[in-house]
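# Chains, contacts and geometry: an overview
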Amino acid sequence: MATKELRRLKIKKSIRGNISGTAERPRLTVFRSNKQIYAQVINDVQGKTLAWASSLKIAEKANKKEIAVKVGEMIAKNAQAAGIQYVVFDRNGYLYHGRIKELADAARNGGLKF
């Protein structure tokens, strides 16, 4: 495995030791690949995904940060449709800048509180 990936997995393990999603405050987790970005709202107690959004559904061409903003808006809308207002943000070991920050800010602007 690459050194960057090992670093991210070490940070991820540390983060997941501290946060966990509950029914009252589920976990909003983000996964970022080279081409796509995904977000899920998860209740870790039951092990269920309550809402999700991904860039796979976005057909229009835009840069990666603009796509992340749209995914953030989609996850906020989907979570509120499921009755979720408060979440715990899990950046999944990624640094909090770029696409991760854009998605988080868009989810906040969409009405999620974390």
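Whatever comes next refers back to the structure up there.
Residues numbered from 1 in each chain as written. Predicted model: local features only at pLDDT ≥ 70, side-chain atom pairs only at ≥ 80, totals over all residues. Heavy atoms only, no water.

### A short note on the environment of Q85
Our working definition: Each helix is a run of H or I in the DSSP string that is no shorter than four residues. Each strand is a run of E no shorter than two, and both are numbered from the N terminus. Here the term buried applies to any residue with accessible area under 20% of the maximum for its type, exposed to any over 50%, and partly exposed to those in between, with areas from a 1.4 Å probe on protein chains only.
Within the secondary structure, Q85 is located in the loop between α2 (64-81) and β4 (88-90). Classification of Q85 by relative accessible area gives partly exposed; the value is 37%. With 59 residues separating them along the chain, Q85 and P26 place their C-alpha atoms 9.4 Å apart.

### Focus on the packing of aromatic side chains
Defined as follows: To pair, rings of Phe, Tyr and Trp, with the six-membered ring standing in for Trp, must have centres within 6.5 Å; the planes then decide the type, stacked if under 30 degrees apart, edge-to-face if over 60, and tilted in the middle. Either the NZ atom of lysine or the CZ atom of arginine qualifies as a charge over a ring when it sits within 6 Å of the ring centre and within 35 degrees of the ring normal.
The tally for this structure, following the rule as stated, stands at 3 aromatic pairs. Measuring from centroid to centroid gives 5.2 Å for F89 and F114, while their planes differ by 15°, and the two rings are stacked. Separated by 25 residues along the polypeptide, F89 in strand β4 and F114 in the segment after α3 (99-109) bring together distant segments of the chain. With relative accessibility at 25%, the residue F114 sits in the partly exposed group. Just above the ring of Y86 sits the side chain of K113; from NZ or CZ to the centre is 6.0 Å.

### Thoughts on the side chain of R8
For clarity, the cut-off: By the convention used here, residues are in contact when the closest approach between their heavy atoms is within 4.5 Å.
Assignment of secondary structure puts R8 in helix α1 (residues 3-18). Its relative accessible area of 9% is what places R8 among the buried residues. Setting aside chain neighbours within four positions, we find R8 in contact with F31, N92, G93 and Y94.

### Observations regarding the pattern of salt bridges
Where we set the bar: Definition used for salt bridges: Asp or Glu carboxyl oxygen within 4 Å of a side-chain nitrogen of Lys or Arg.
For the structure on display, the rule yields 7 salt bridges. A salt bridge links R8 to E5; the shortest N-O distance between them is 3.2 Å. With R8 and E5 both in helix α1, this residue pair falls 3 residues apart, about one helical turn. Notably, a salt bridge pairs R108 with D105, separated by 3.2 Å at the nearest N-O pair. Linking R108 with D105, this pair stays in helix α3, spanning 3 residues, or about one helical turn. For D105, a relative accessible area of 24% corresponds to the partly exposed category. Linked through salt bridges whose partners overlap, the residues forming this network are R16, R27, D44 and D90.

### Description of a nonpolar patch on the surface
Rule in force here: Patch criteria: residues need more than 30% relative accessible area and no salt bridge. Like-charged residues are merged within 9 Å; nonpolar side chains of Val, Leu, Ile, Met, Phe, Trp and Tyr are merged within 5 Å. Accessibility throughout is a Shrake-Rupley quantity obtained with a 1.4 Å probe, and a residue counts as covered only by protein chains that appear here.
Nonpolar side chains collect at one region of the surface, where M1, L6 and L9 lie side by side and expose about 320 Å² of accessible area between them. Structurally, L9 is set in helix α1.

### Some thoughts on the sheet that holds β4
This is how it is decided: Here a strand pair is declared whenever DSSP counts at least two bridges between the two strands. Angles here are taken between N-to-C directions and fall from 0 to 180 degrees, while the axes themselves are lines fitted to C-alpha atoms, restricted in helices to the stretch in contact.
With mixed pairing, 4 strands are arranged side by side in an open sheet as β3-β2-β1-β4. Where the open sheet ends on each side, the last strands, each with one partner, are β3 (48-54) and β4. Going across the sheet, the axis of each strand differs from the next one's by a mean of 20°, ignoring polarity. Relative to β3, strand β2 (residues 37-43) is paired through 6 bridges, and the arrangement is antiparallel. In the strand pairing of β3, Y38 is matched with S54. Packing against the sheet, α2 makes contact with β1 (27-32), β2 and β3, and its axis sits at approximately 145° to β3.

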